[in-house]
Structures are given as C-alpha cells and as structure tokens.
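Spelled out from the first residue to the last, the chains are:
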Amino acid sequence: KPAGDDPVPLVIGVPVTEPRDDRSTPGPTAESADPVYLAARLAEAQEQLAATREILSVLARASTSEDDVFEAVLENARRLCRGQAALINLSDAEGYRLVSAKGLTPEYAAFAADHPVPRGRRTLTGRVAIDRRTHQIDDVLADPDYNLPEFQRLAGYRSMIGAPMVVDDEVV
C-alpha cells in the first residue's frame, strides 16, 4: 500500500490514436430489431465473455504469477477496447507507476517507467483512482483538465479509457 491507509489503485488504461464515437447504447429502435445489429451485439457479448473466461483461467492456475495475470488482463483489455496499447499503473509514493504494458513504443515505455503519472484529475489514471470508476477521455487535446502533454506527444494517443480493478469494494 502507498503511504497512509489509501488502497493501492491498479488502473488499466487503453489509449487509442483516434477518438471513438461508437460507444453509445441505442434505446429501442428499428435498428435494435435488425438481425445484423443483433448479431453484432451477440458477437460483442461473446467476445467479452471469452475475455473474462481467459482471465479467470489464468487466475485459477496455482502457478500463476502476477506477470501472467497482468499479461492476460492487458491483452484482453486491448482487444476488447480495440486499442493500440494497454497499460497498468500502480500507486506508489510518487504517483502512479507503470508496472505492465502491451503495445507501447520503447520510447514511451522508457519515459513512463521514469516518470510516474501524477495524482489528481489532470490525468485519466488520477480520475479513475479518485472516482473508483471507469472514465473515458474522448479527446485529450480537447479536454480542458487533461494535462500530460509529454505523454501524449510521445504516444500520439487522442482517446483513452481507464478502469479500476476493484476487489471486495477496494481498488486494488
């Protein structure tokens, strides 16, 4: 745990280079009765269940290491969110430190390893940890509160989604 009694936030972030506008859930419409639409929604649900099954399978193995769990979580998060990269940050005394990642450039990974993400609402990781819920930033360049230009410049992302991992109502 970090200094004090704060839980250790583990935050999964999935940056993508272009803002997405396909996350809205439509209400009852003619589209929602369309077989093509229904088949797409079914495929999406099956993909989410397969990802959950894969992560639970990794967790069930007695010899599972932390790295194996992180690898399974990251690969599935990246695939489900259709992101170019996925990363996990853990809280430490300096902020949120990168502990595992998939799909990052070597330059970004080295920079992130040397520069913890600061606490506070100016970052996706900070928002997720503070609010203990999933957040999305549609476009970091248009978000007046987002302020990590050096991270954005190195990675080139525009849209991000992050989620806390919560166990027994604690962010872990």
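Conventions adopted
- Residues numbered from 1 in each chain as written.
- Predicted model: local features only at pLDDT ≥ 70, side-chain atom pairs only at ≥ 80, totals over all residues.
- Heavy atoms only, no water.
- Helix = DSSP H or I, 4+ residues; strand = E, 2+ residues; numbered from the N terminus.
- Buried < 20%, exposed > 50% of the residue type's maximum accessible area, 1.4 Å probe, protein only.
- Contact = heavy atoms within 4.5 Å.
- Areas by Shrake-Rupley, 256 points an atom, 1.4 Å probe, with all protein chains shown as cover.
- Core = buried A, V, L, I, M, F, W, Y, C linked by side-chain atoms within 4.5 Å.
- Phe/Tyr/Trp six-rings, centres within 6.5 Å; stacked < 30°, edge-to-face > 60°.
- Lys NZ or Arg CZ within 6 Å of the ring centre and 35° of its normal.
- Pairing = 2+ DSSP bridges.

(A) The overall build of the chain, seen in detail. Per the secondary structure count, the chain includes 5 helices and 7 strands. N-terminal to C-terminal, the α/β element order of the chain is β-α-α-β-β-α-α-β-α-β-β-β. Per-residue burial over the chain gives 35% buried out of 172 residues. The long-range share in the chain, meaning contacts at least 24 apart out of those at least 6 apart in sequence, stands at 59%. Entry remark: accessible area of the chain is about 9,900 Å², with carbon and sulfur atoms responsible for 53%.

(B) Looking closely at the nonpolar core. Counting residues in each nonpolar core, the largest one holds 19 residues, and the members touching the most others are Leu104, Tyr108, Val140, Tyr146, Phe151, Tyr157 and Met160. Secondary structure elements with two or more residues in this core: strand 3 (95-102), helix 3 (106-114) and helix 4 (124-131). Ignoring any residue separated from it by four or fewer positions in sequence, one finds valine 140 in contact with Tyr146, Gln152, Tyr157, Arg158 and Met160.

(C) Quick look at the packing of aromatic side chains. Following the criterion strictly, the structure yields 3 aromatic pairs and no others. With a centroid separation of 5.1 Å and an interplanar angle of 75 degrees, the aromatic rings of phenylalanine 111 and phenylalanine 151 are classed as edge-to-face. Separated by 40 residues along the polypeptide, phenylalanine 111 in helix 3 and phenylalanine 151 in helix 5 (residues 149-155) bring together distant segments of the chain. Judged by its relative accessible area of 3%, phenylalanine 151 falls in the buried class. Aromatic side chains tyrosine 146 and tyrosine 157 sit 6.4 Å apart centroid to centroid with 80 degrees between the ring planes, which places their arrangement in the edge-to-face category. With tyrosine 146 in the loop between strand 4 (135-137) and helix 5 and tyrosine 157 in the loop between helix 5 and strand 5 (159-164), the pair connects residues that are 11 residues apart, well separated along the chain. The exposure class of tyrosine 157 is buried, given its relative accessible area of 3%. Among the aromatic side chains, those forming a connected cluster through ring pairs are Tyr108, Phe111 and Phe151. Taking NZ or CZ as reference, arginine 119 lies 5.0 Å from the ring centre of tyrosine 96, over its face.

(D) Main features of the pairing of strand 3. Here 7 bridges tie strand 2 (residues 86-92) to strand 3, and the two strands are oriented antiparallel to one another. In the sheet register, leucine 87 faces strand 3, and the bridge partner there is alanine 101. Adjacent in sequence and paired antiparallel, strand 2 and strand 3 are bridged by 2 residues.

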